[in-house]
Amino acid sequence: MARLCVLLDAEEFCWDVIPDWERSFSICFATDDFAQVATVGDVWAVVEKRLLERGPLALTTPCTSQRTFYRLRQAMTSLGQARADITPSLDLPSLFPLKARQQQWKQLREESALPLPALHVSATMFGLLWAGATTCLRLLFPQWWMAIAGGLGIACVASSYSFVKMALPAATLGELTSMMVSSHYTALAHSQPNRQEVKSLVLEGLARCGAEKEQLKAYELRDETVLSW
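What this report covers is the structure whose coordinates are included nearby. Position numbers for residues start from 1 in each chain and track the written sequence from start to end. Per-residue local features are limited, in this predicted model, to residues with pLDDT of at least 70; the limit for side-chain atom pairs, both in listing and counting, is 80 or more; totals at the level of whole chains, interfaces and linings are taken over all residues. Where side-chain values are given, they derive from all heavy atoms of the structure, hydrogens and water being excluded.

**With respect to a nonpolar patch on the surface**
Each patch is built from salt-bridge-free residues with over 30% relative accessible area, joining like charges within 9 Å and nonpolar side chains (Val, Leu, Ile, Met, Phe, Trp, Tyr) within 5 Å. Working definition of accessibility: Shrake-Rupley area with a 1.4 Å probe, residue cover restricted to the visible protein chains. Salt bridge, as applied in this entry: a Lys or Arg side-chain nitrogen positioned within 4 Å of an Asp or Glu carboxyl oxygen. Taken together, the side chains of Leu-139, Leu-140 and Phe-141 present a nonpolar region at the surface, about 350 Å² in accessible area. Take Leu-139: it is sitting in the loop between α6 (123–138) and α7 (144–158). You can call Leu-139 exposed: its relative accessible area is 75%. Secondary structure elements follow DSSP: runs of H or I of four or more residues count as helices, runs of E of two or more count as strands, with numbering from the N terminus. Here's how the labels work: a residue is buried when its accessible area is under 20% of the maximum for its type, exposed when over 50%, partly exposed in between, all with a 1.4 Å probe on protein chains only.

**Focus: the pattern of salt bridges**
Tallied over the full model, the rule gives six salt bridges. Ionic pairing is found between Arg-208 and Asp-16, a salt bridge with its closest N-O pair at 3.8 Å. Linking Arg-208 in helix α10 (residues 195–208) with Asp-16 in helix α1 (residues 10–25), this pair joins segments that are 192 residues apart in sequence. Measuring nitrogen to oxygen at the nearest pair gives 3.7 Å for the salt bridge that ties Asp-20 to Arg-208. Linking Asp-20 in helix α1 with Arg-208 in helix α10, this pair joins segments that are 188 residues apart in sequence.

**Some remarks on the packing of α6 against α7**
For helices, the fitted line uses only the C-alpha atoms of the stretch in contact; every axis is such a line through C-alpha atoms, and the angle between N-to-C directions lies from 0 to 180 degrees. α7 packs onto α6 with a crossing angle of 135° between their chain directions and a minimal axis gap of 7 Å. The angle between α6 and α7 places the two elements in the oblique class. Relative to α7, α6 is oriented so that their crossing is right-handed. Contacts between α6 and α7 involve Phe-126, Leu-129, Trp-130, Ala-133, Thr-134, Leu-137 and Arg-138 from the first element and Trp-144, Ala-147, Ile-148, Gly-150, Gly-151, Leu-152, Ile-154, Ala-155, Cys-156 and Ala-158 from the second. Note that Gly is not counted as nonpolar here; it falls among the polar residues with everything else outside the nonpolar set of Ala, Val, Leu, Ile, Met, Phe, Trp, Tyr, Cys and Pro and the charged set of Asp, Glu, Lys and Arg. The class makeup of the residues in the contact of α6 with α7 is 13 nonpolar, three polar and one charged. Should an angle fall under 35 degrees it is taken as roughly parallel, and over 145 as roughly antiparallel, whereas 65 to 115 is taken as roughly perpendicular and any remaining angle as oblique. Helix crossings are classified by the rotation of the near helix relative to the far one: an anticlockwise turn of less than a right angle makes the crossing left-handed, while a clockwise turn makes it right-handed. In what follows, residue pairs with any heavy atoms lying within 4.5 Å of each other are defined as contacts.

**Description of the packing of α1 against α10**
Between α1 and α10, the shortest axis-to-axis distance is 9 Å and the interhelical angle comes to 160°. Viewed along their axes, α1 and α10 adopt a mutual orientation that is roughly antiparallel. Two packed elements cross with a definite hand, and for α1 against α10 that hand is right-handed. Between α1 and α10, the residues in contact are Glu-12, Phe-13, Asp-16, Val-17, Asp-20, Trp-21 and Phe-25 and Val-198, Leu-201, Val-202, Gly-205, Leu-206 and Arg-208, respectively. Taken together, the residues of the contact of α1 with α10 sort by class into eight nonpolar, one polar and four charged.

Spelled out as structure tokens, the structure:
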């Protein structure tokens, strides 16, 4: 639900959010840039003006994880997940149930256009494949070592088939984001962000400054939302 008016912490905005935007977007604000802002739209206008002065956007290291998380969240939202539930601590196994996991993981990769890590064979599944193959081969070979070696070979071959690759690469969305950034930093850091992506980061910065008892959410902010300090 959109907020008509919100109360923000001026000190946190000045000493935390503004420096964070400067680092993230590689820009610098003047002392009086935000002196006359009255709405969320006014804040965005100031940020956008500085970004346009800078030229092509090239976000730096502090923002890479935020941008990756944002794109994952956008993709999950479009696939039907409630936006308010998508946080770094979101439990991935509960979001991707085993029965539909492969299809949903494929949809997330396509929707986000991100280099998602592939599903893999869990240690438990590999152990079951090895034990099962060894048990069967023991009926054919008198020596245990031959059955064990043969079972290992069969388990390795079976593990290459997609239908047994069901294990998620991370337990939470935050862990997945960190994994992707560490593995594909260059591509993610230098990918061109779109206007909506940058604006979302600005709204999330404003939401951190909420001074009301109830926690402020970024999606509750609109351009016309009035700011009080």
